[in-house]
Amino acid sequence: MMLGLKLPTDPRWVNIVEKNLQEILVDHAFCELKAAATAMSLISNFPEHTELVEEMQALIKEEMAHFKMVHDKIQSKGLEMGANRKDAYVSELMKFFPKGGSRNTQLVHRLLYAALIEARSCERFKLLSEQLEDQELAKFYRDLMVSEANHYTMFLNFARKYEDRALVDQKWQDLLAYEATIMKSFSKDATMHG
């Protein structure tokens, strides 16, 4: 299974997306903004980690470039940005690790959440690239999929750098197992993680 995910997305999700292209594109645009905000938050909260700060600066630029690409796609289709909405998947995911702990533990948990969100996004982009009837949009998602895969490994590698590798890998496997259980209630909405 690609990216270590334990439960693949229900392929019928693409059919829901096909009928609601505005929904998925608007949700995707906000996902790119949230990814940039996550990178900014990591810089604000953990500025002593120079290598992380440098990578997050590059990531912010990339995510904002992706936001512009999605926003341009929305405009070109004669659609408009709707209001931002809560990401139920991310809200559920972030209940897994207990709150608190040392700053380092908090950092590792945030990096693992980010890695998993990127991995799931990448898996969704792959599905869209292979199954969308709109060939232009399918190519758009194929191109984005490549950079998303790099993001997932970057976050995971940082987590392994800041904490004992065996401990991080155990937490990662536990988080993947939990994510598979919550995914059973998703794949029903035309949102990037819905």
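Because the structure is predicted, anything quoted here is derived from the model rather than measured.

Here we take up the overall build of the protein chain. Secondary structure summary: the protein chain contains 7 helices and 0 strands in total. For the protein chain, the sequential pattern of α-helices and β-strands runs α-α-α-α-α-α-α. Here the protein chain has a C-alpha radius of gyration of 16 Å; the compact-globule value for 194 residues is 16 Å, and the two agree. On the principal axes, the C-alpha backbone points of the protein chain span a range of 45 × 30 × 25 Å. Looking at the protein chain residue by residue over its 194 residues, the buried ones come to 47%. For the protein chain, the proportion of contacts with a sequence separation of at least 24, taken over those separated by at least 6, is 82%. Taken as a whole, the protein chain presents about 9300 Å² of accessible surface, with 55% of it coming from carbon and sulfur. Once the 25 positive and 29 negative side-chain charges of the protein chain are each reduced to a mean point, those two points are 3 Å apart.

What follows covers the environment of Asp 10. Here Asp 10 lies in the segment before helix H1 (12–19). A relative accessible area of 24% means that Asp 10 is categorised as partly exposed. A polar side-chain atom of Asp 10 sits 2.6 Å from a polar atom in the side chain of Arg 12.

Let us now look at helix H7 (residues 165–183). Over its 19 residues, H7 extends 26 Å from the first C-alpha to the last, a length consistent with the 27 Å expected when each residue adds 1.5 Å. Along H7, the residues classified as buried are Val 168, Lys 171, Trp 172, Leu 175, Leu 176, Tyr 178, Glu 179, Ala 180, Ile 182 and Met 183. Contacts made by the buried residues of H7 are with helix H4 (88–93), helix H5 (103–131) and helix H6 (135–162).

Applying the stated criterion across every chain, the model contains 7 aromatic pairs. Centre to centre, the rings of Phe 158 and Tyr 162 are 5.9 Å apart; their planes meet at 10°, and the pair counts as stacked. Of the two residues, Phe 158 and Tyr 162 are both situated in helix H6; the distance of 4 residues between them amounts to about one turn of the helix. Through successive ring pairs, a cluster of aromatic residues spans Phe 96, Phe 97, Tyr 113 and Tyr 178. Between Lys 73 and the ring centre of Phe 140, over which it is positioned, the NZ or CZ distance is 4.9 Å. The residue whose ring lies beneath Arg 124 is Trp 13, and the NZ or CZ to ring-centre distance is 4.2 Å.

Thresholds, definitions, all that
- Residues numbered from 1 in each chain as written.
- Predicted model: local features only at pLDDT ≥ 70, side-chain atom pairs only at ≥ 80, totals over all residues.
- Heavy atoms only, no water.
- Helix = DSSP H or I, 4+ residues; strand = E, 2+ residues; numbered from the N terminus.
- Rg over C-alpha atoms; globule rule 2.2 N^0.38 Å.
- Buried < 20%, exposed > 50% of the residue type's maximum accessible area, 1.4 Å probe, protein only.
- Contact = heavy atoms within 4.5 Å.
- Areas by Shrake-Rupley, 256 points an atom, 1.4 Å probe, with all protein chains shown as cover.
- Lys, Arg positive; Asp, Glu negative; His and termini not counted.
- Charge placed at Lys NZ, Arg CZ, Asp CG, Glu CD.
- Polar contact = N/O pair within 3.5 Å; in protein donor to acceptor, adjacent residues only side chain to side chain.
- Expected span 1.5 Å × (residues − 1).
- Phe/Tyr/Trp six-rings, centres within 6.5 Å; stacked < 30°, edge-to-face > 60°.
- Lys NZ or Arg CZ within 6 Å of the ring centre and 35° of its normal.

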